[in-house]
Amino acid sequence: MDVIFHGVRGSTPTADHNFLKYGGSTTCTEILHDQFQIIFDAGTGFQDVAILKDRPTYLIFSHFHYDHIQGLPFNHQIFDPSNKVTISSGLVKADQLREVFVRAFQPMYFPIPLVDTLKNLKFVEFDLIVTDLSDLCSLSTIKLNHPGGAAGYIVEKNDKKVCVFLDHEYGLEPIIDNELVDNAKDSDLIVWDGMFLDEELPPKKGWGHSSIEQGIAFSEKTSCKSLAIAHHAPTRNDEQLNEHSNNLTSDKVFFAYQGLSHSV
Ligand SMILES: [Zn+2]
Ligand SMILES: [Zn+2]
């Protein structure tokens, strides 16, 4: 499987020459395999995803904060009726999911009624896509700690395991954290919400994000092979991220950047 980071910025896109290395697009993570394509979230990075016609395409949402949905209409390939995209979420039922996008992309906020226009988008129950995919891979969802709720995902294929845990606030709900550690054990890759530094956390308690240092600790607890820090703060520029990257004490942790493809 290839894990492709199309957007690694949290909260809001950044567009400035100091943000070119890690990129300014908001969160969108693709898992690409010869037999399937799974895209987690459609932040502005979604505009760069190539929707493939030779395998099923699943677009799965962790939650519906703007930075995870706002790219949906800006990938011009979804306006091609022959591109069938199955949309789902472990957080809500299919009819609620459809309603989220009907409301978010209606003429008050967007020029056309997107969901009614795009008949090639199919909203389905999460259990159904798990069954759909069962011959190709194992997909499961896990609860994250985030205001309004968020769903993490675990994809397993041929003894390889990838966990996508965006957005999550570590250290507030031990039951949730322990479940995450147990389920992420020995992962080949964990995608981690490293929005903050430890020193920035106290005034941001309850905002729903973890720190870079917590990601390092999580990588040790889970004995994973690698952990990608993502969902970078929109204020953290390339120079600052480079500095944190150079100071990393773990060689299995790295900072994801826009356009990175990581094979597991
Ligand atoms: Zn977010
Ligand atoms: Zn969020």
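So, here's what we can say about the structure. This is a predicted model, so every value here is computed, not measured.

About the cut-offs
- Residues numbered from 1 in each chain as written.
- Chains lettered and ligands numbered in written order.
- Predicted model: local features only at pLDDT ≥ 70, side-chain atom pairs only at ≥ 80, totals over all residues.
- Buried ≥ 20, exposed ≤ 12 C-beta atoms within 10 Å, placed from the backbone.
- Helix = DSSP H or I, 4+ residues; strand = E, 2+ residues; numbered from the N terminus.
- Arc of directions from axis to C-beta.
- Pairing = 2+ DSSP bridges.
- Axes fitted to C-alpha atoms, helices over the stretch in contact; angles between N-to-C directions.

**Re helix H5 (residues 174-184)**
Within an α-helix, residues lying three or four positions from one another point in the same direction, as the helix has 3.6 residues per turn. Of the positions making up H5, those classed as buried are Asp177, Leu180 and Ala184. All buried residues of H5 lie within an arc of 60° about the axis, which places them on one face of the element. Facing away from the buried surface of H5 by more than 90 degrees, the exposed residues are Pro174, Ile175, Asn178 and Asp182. Aspartate 186 sits one or two residues past H5 and shows a positive phi near 60°.

**Quick notes on the environment of threonine 117**
For threonine 117, the position within the fold is in helix H3 (residues 114-117). For threonine 117, a count of 13 C-beta atoms within 10 Å gives the class partly exposed. The sequence separation of threonine 117 and phenylalanine 79 amounts to 38 residues, and the corresponding C-alpha distance is 8.8 Å.

**Let's talk about the pairing of strand S3 (residues 36-40)**
Burial runs high along S3: five of the five residues are buried. Judged by which residues are buried, S3 turns out to be covered on both faces: Phe36, Ile38 and Phe40 on one side and Gln37 and Ile39 on the other are all buried. Once strand S2 (residues 28-33) ends, the chain turns through two residues before running back antiparallel as S3. Of the pairings in the sheet, the one linking S3 to strand S4 (residues 57-61) comprises four bridges and is parallel in character. For glutamine 37, the partnering residue across the bridge sits in S4 and is threonine 57.

**Notes on the sheet that holds S4**
Ordered in space as S6-S5-S4-S3-S2-S1-S13, the seven strands form an open sheet in which the pairing is mixed. If you trace the sheet from one side to the other, it starts and ends with strand S6 (121-123) and strand S13 (261-263), each paired once. Adjacent strand axes in the sheet meet at a mean angle of 20° when their direction is disregarded. As paired elements, S4 and strand S5 (residues 85-89) share five bridges and run parallel to each other.

**Thoughts on unusual backbone geometry**
Across the junction of leucine 166 and aspartate 167, the peptide omega takes the value 0°, indicating a cis bond. Relative to the elements of secondary structure, aspartate 167 occurs in the loop between strand S9 (160-165) and H5. Its identity is not glycine, yet serine 11 carries a phi of approximately 70°, on the positive side. As for its placement among the helices and strands, serine 11 is situated in the loop between strand S1 (2-7) and S2. Positive phi is not limited to glycine here, since aspartate 159 has a value of about 65°. Within the element layout of this structure, aspartate 159 appears in the loop between strand S8 (150-157) and S9.

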